[in-house]
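Survey of secondary and tertiary structure
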Amino acid sequence: MKKKYVFVQFALIFIFFILPPLFVSKGLPGAATGNFSPWVLIQLILALALEVEHQLFFEPNTHPLGIAGVFKSLSWGTISLGLLMLVFALMQVLCMAFPFLADGSMSLSLPESPLRWLYVLLSLAVGAFYEEELYRQFLPYALTLFAEGKKGWHIFTEIFCLLVFAFSHRYLGWGAVINACLCGLILRLCRIKSLSCYAGSAAHFSYNLIIYAFTLLISV
């Protein structure tokens, strides 16, 4: 695939999907409300399109196959989830020690029907897959492709992608930024080691689900 096409695609995705979250000052994620939003469908379509494109044109046949591949994905997914939960525990301690870090903490109410519960689960799953495709695969790969071979560019790319993901959580407070930075680092490592976004998406979804349940518990 030509770099010119990738650059145009990158510019559009950056403007319409990566930049907007950086300027959100407050609000709740779509999954937290239990109300249907077309944004979830848009996220799913974009994530699937990016995954298909990546497999067809950028890194075909790199997914580990067979029992060994499944075991590798499960191993890295499990390790990543464990590390994510350690980060969560660390952030709870930090927020207790420094209350200003939790200024953006959200309060949730129980979904009112089974359909809304189902939507919450769908939103969490789609959101995890979308963020893994966007921040852990497409963004770093595209940036690396643009300046392939330039000294120090790879390190810049990794730091830039990590900070963009972290600050897209700024609306939840500075604690969320730190948390997202640490979690993004873990999930990026998972993507590199597992050779796909699937293990990271599963770990990310499980983590989000646990945090959602924890937030519901302390909100009720």
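All values derive from a computational prediction rather than experimental measurement.

Procedures and definitions
- Residues numbered from 1 in each chain as written.
- Predicted model: local features only at pLDDT ≥ 70, side-chain atom pairs only at ≥ 80, totals over all residues.
- Heavy atoms only, no water.
- Phe/Tyr/Trp six-rings, centres within 6.5 Å; stacked < 30°, edge-to-face > 60°.
- Buried < 20%, exposed > 50% of the residue type's maximum accessible area, 1.4 Å probe, protein only.
- Lys NZ or Arg CZ within 6 Å of the ring centre and 35° of its normal.
- Patch = residues over 30% accessible without salt bridge, like charges linked within 9 Å, V, L, I, M, F, W, Y side chains within 5 Å.
- Areas by Shrake-Rupley, 256 points an atom, 1.4 Å probe, with all protein chains shown as cover.
- Salt bridge = Lys/Arg side-chain N within 4 Å of Asp/Glu carboxyl O.
- Helix = DSSP H or I, 4+ residues; strand = E, 2+ residues; numbered from the N terminus.
- Axes fitted to C-alpha atoms, helices over the stretch in contact; angles between N-to-C directions.
- Parallel < 35°, antiparallel > 145°, perpendicular 65-115°, else oblique.
- Left-handed = near helix turned anticlockwise from the far one by under 90°.
- Contact = heavy atoms within 4.5 Å.
- Nonpolar A, V, L, I, M, F, W, Y, C, P; charged D, E, K, R; others polar.
- Polar contact = N/O pair within 3.5 Å; in protein donor to acceptor, adjacent residues only side chain to side chain.
- Bend = angle between axes of the 7 residues up to and from the residue.

Let's shift gears to the packing of aromatic side chains. One pass over the full model with this rule turns up 14 aromatic pairs. Ring plane angle 70° and centroid distance 6.4 Å describe the contact between Phe98 and Phe100, whose orientation is recorded as edge-to-face. The interplanar angle of 85° and the centroid separation of 5.9 Å between the aromatic rings of Phe167 and Trp174 together place this pair among those described as edge-to-face. Accessibility expressed as a relative area gives 34% for Phe167, which makes it partly exposed. Site record: aromatic cluster; members linked through ring pairs are Phe7, Phe10, Phe14, Phe138, Phe146, Trp153, Phe156 and Phe160. Its end group placed over the ring of Phe165, Arg136 keeps NZ or CZ at 4.1 Å from the ring centre.

Residues Phe7, Val8, Leu12, Ile15 and Phe16 make up a contiguous nonpolar surface patch of roughly 510 Å² in combined accessible area. You can see Phe16 is positioned in helix 1 (residues 3-22).

Taken N-terminus to C-terminus, the directions of helix 5 (residues 114-146) and helix 8 (residues 198-219) make an angle of 135°; their axes are 9 Å apart at the nearest point. Between helix 5 and helix 8, the angle is such that the two are oblique. Read as a crossing pair, helix 5 and helix 8 show a hand that is right-handed. Residue-level inspection shows Trp117, Val120, Leu121, Leu124, Ala125, Ala128, Phe129, Glu131, Glu132 and Arg136 of helix 5 in contact with helix 8, the latter providing Tyr198, Gly200, Ser201, His204, Phe205, Asn208, Leu209, Tyr212 and Leu216. Across the contact of helix 5 with helix 8, the residue classes break down as twelve nonpolar, four polar and three charged.

Mapped onto the elements, Glu133 comes out in helix 5. Only 3.0 Å separates the side chain of Glu133 from the side chain of Gln137, close enough to count as a polar contact.

Here the focus is helix 1. Largest kink in helix 1: about 45°, centred on Phe14. Turning to helix 1, its buried residues number three or more, namely Val6, Gln9, Phe10, Ile13, Phe14, Phe17 and Ile18.

Another aspect to go through is the side chain of Gln9. Tracing the chain through its elements places Gln9 in helix 1. For Gln9, a relative accessible area of 13% translates into the label buried. Every residue in contact with Gln9, bar those within four places of it in the chain, is listed here: Leu50, Glu53 and Phe138.

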